[in-house]
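Examination of the molecular architecture
Take a look at the letters that make up each chain.
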Amino acid sequence: MDNRPIGLMDSGLGGLSVVKKVIAKMPHEDTVFWGDQAHMPYGDRKQDDIINLARTGLNFLLSKDVKVVIFACNTMTAQAMPTLQAETDRQIIGVIQSGALLAAKKTHNLKVGVIATTATVESRDYTKEIQYRNPKIEVVEQATPKLAPLVEANEPSAVRQAIVAESLAPLQDYDFDSLVLGCTHYPFIASEIQAAVGPQVQLIDPADQVAQYTFNVLKRDGLLADRTVVGMHRYFTTGKAATFSHMARAWLNAPGLTAEHLD
Ligand code: DGL
């Protein structure tokens, strides 16, 4: 039993889609979230840059004595996880294997689409991980670099729908039955994405499986919290704390949430 918090990190608000699932699955756990809004989007950056930025977040979370770290960011998982896992003995959990597992399980026509940042798509990690589970599955990956900044900007619905439609247009000739939301920002625009691809396509949010996998790891290692009260949650951002708090309160349905700013 271990009452230390679970650490989660992302370039921005997107990681909150994972925080939400982790809290729902493990309500007694404390969490600490680090969002690097001052440097987002990560998806347009080079690998060295992503590694260095993610290292800052990882060291911050380790300074908070977290028992496990979740890279609640596909871009960090693809570009920085192997390097940074070698620098700490604290376990780091990524999101791509979880998304690949769900996609391989859920597709019926063995055709899967993936939308993600440019850096994630360039890694081809989703294709590798999905085909590792079932080599018969065809995977089409599409970079949609405008979508994470769109979520952060909190644009009105009509603007969101137009940018989502334009970003997904290159996929219109593919008949995949499952589409992986390969960036943790995308669950926040899931309804616009669903409208763009049509109701016959099921959207796959890796966060469902990330929460389950994290629970399994903590249970296996005897690290689940030993308490009956609900957990406490802290949020840190390198961006504007007031903007972060405003959006996070709505998305997490947590009226009392107040984020702290980090230089
Ligand atoms: N939320 C991040 C991900 O899952 C990406 C956003 C960014 O480009 O910074 O890849």
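The coordinates are above.
Definitions and limits used
Along each chain, residues carry numbers from 1 onward, in the same order as the chain's sequence is written. Reporting of local features is limited, given that this is a predicted model, to residues whose pLDDT is at least 70; pairs of side-chain atoms are given and counted only at 80 or more, and all residues count toward the totals for whole chains, interfaces and linings. With hydrogens and water set aside, each side-chain value is computed from the structure's full complement of heavy atoms. Stacked, edge-to-face and tilted labels apply to pairs of Phe, Tyr and Trp rings (six-membered ring for Trp) whose centres lie within 6.5 Å, assigned for plane angles under 30 degrees, over 60, and everything in between, in that order. Three exposure classes are used, based on accessible area relative to the maximum for each residue type with a 1.4 Å probe and protein chains only: buried under 20%, partly exposed in between, and exposed over 50%. For helices the rule is a DSSP run of H or I covering at least 4 residues; for strands it is a run of E covering at least 2, with both sets numbered from the N terminus onward. Two strands qualify as a pair provided that DSSP identifies no fewer than 2 bridges between them. By the criterion used throughout, a crossover qualifies as right-handed when its path from the first strand across the helix to the second strand runs clockwise, the strands pointing away from the viewer. In what follows, residue pairs with any heavy atoms lying within 4.5 Å of each other are defined as contacts. One less than the residue count of a helix, multiplied by 1.5 Å, gives the span that helix is expected to have. Points on a 1 Å grid over protein atoms alone make up a cavity when a 1.4 Å probe fits among them but cannot get out, and a pocket when they form an open set with protein on both sides within 12 Å along at least five of seven lines; lining residues each have an atom within 4 Å of a point. Grid points are joined across faces, edges and corners, and a volume is the space filled by probe spheres set on the points.

1. Re the packing of aromatic side chains
Enumeration according to the criterion identifies five aromatic pairs in this entry. Centre to centre, the rings of Y235 and F244 are 6.3 Å apart; their planes meet at 45°, and the pair counts as tilted. For the pair formed by Y235 and F244, the shared burial category is buried. Aromatic ring contacts, followed pair by pair, group F33, Y235 and F244 into a single cluster.

2. Some words on the pairing of strand β7 (residues 178–181)
Taking every second residue as pointing to the same face, both faces of β7 are buried, with S178 and V180 on one and L179 and L181 on the other. Strand direction decides the pairing type here: strand β5 (residues 111–116) and β7, joined by four bridges, are parallel. Across the sheet, the residue bridging to I115 is L181, located in β7. Across three bridges, the pairing between β7 and strand β8 (residues 202–204) is parallel. In the sheet register, L179 faces β8, and the bridge partner there is L203. Where the polypeptide runs from β7 across helix α10 (residues 190–197) and back to β8, its parallel neighbour, the crossover connection is right-handed.

3. Here we look at helix α7 (residues 125–133)
Taken as a whole, α7 has its buried residues at D125, Y126, T127, E129 and I130. Packed against the buried residues of α7 are α3 (74–79), α5 (96–106), β5, α6 (118–123), β6 (138–143) and β7.

4. Looking at helix α12 (residues 241–252)
Spanning 12 residues, α12 covers 16 Å between terminal C-alpha atoms, matching the ideal 16 Å at 1.5 Å per step. Within α12 the residues assigned to the buried category are A241, F244, S245, M247, A248, W251 and L252. The inward-facing, buried residues of α12 abut α1 (16–25), β2 (31–35), α8 (147–153), β9 (233–237) and β10 (260–261). Taken from the residues just after α12, N253 is the one with a positive phi, measuring 55°.

5. A few points about the layout of surface pockets
Where empty space is left can be seen by rolling a probe of water-molecule size over the atoms. Taken as a whole, the largest pocket holds about 300 Å³ of empty space. Around the largest pocket sit 17 residues that line it, and M81, G94, I96, Q97 and S98 are the ones nearest its centre. Contributions of two or more residues to the lining of the largest pocket are made by α4 (81–85), β4 (92–93), α5, α7 and α11 (207–220). Considering each element in turn, the lining of the largest pocket owes the most residues, four residues, to α5.

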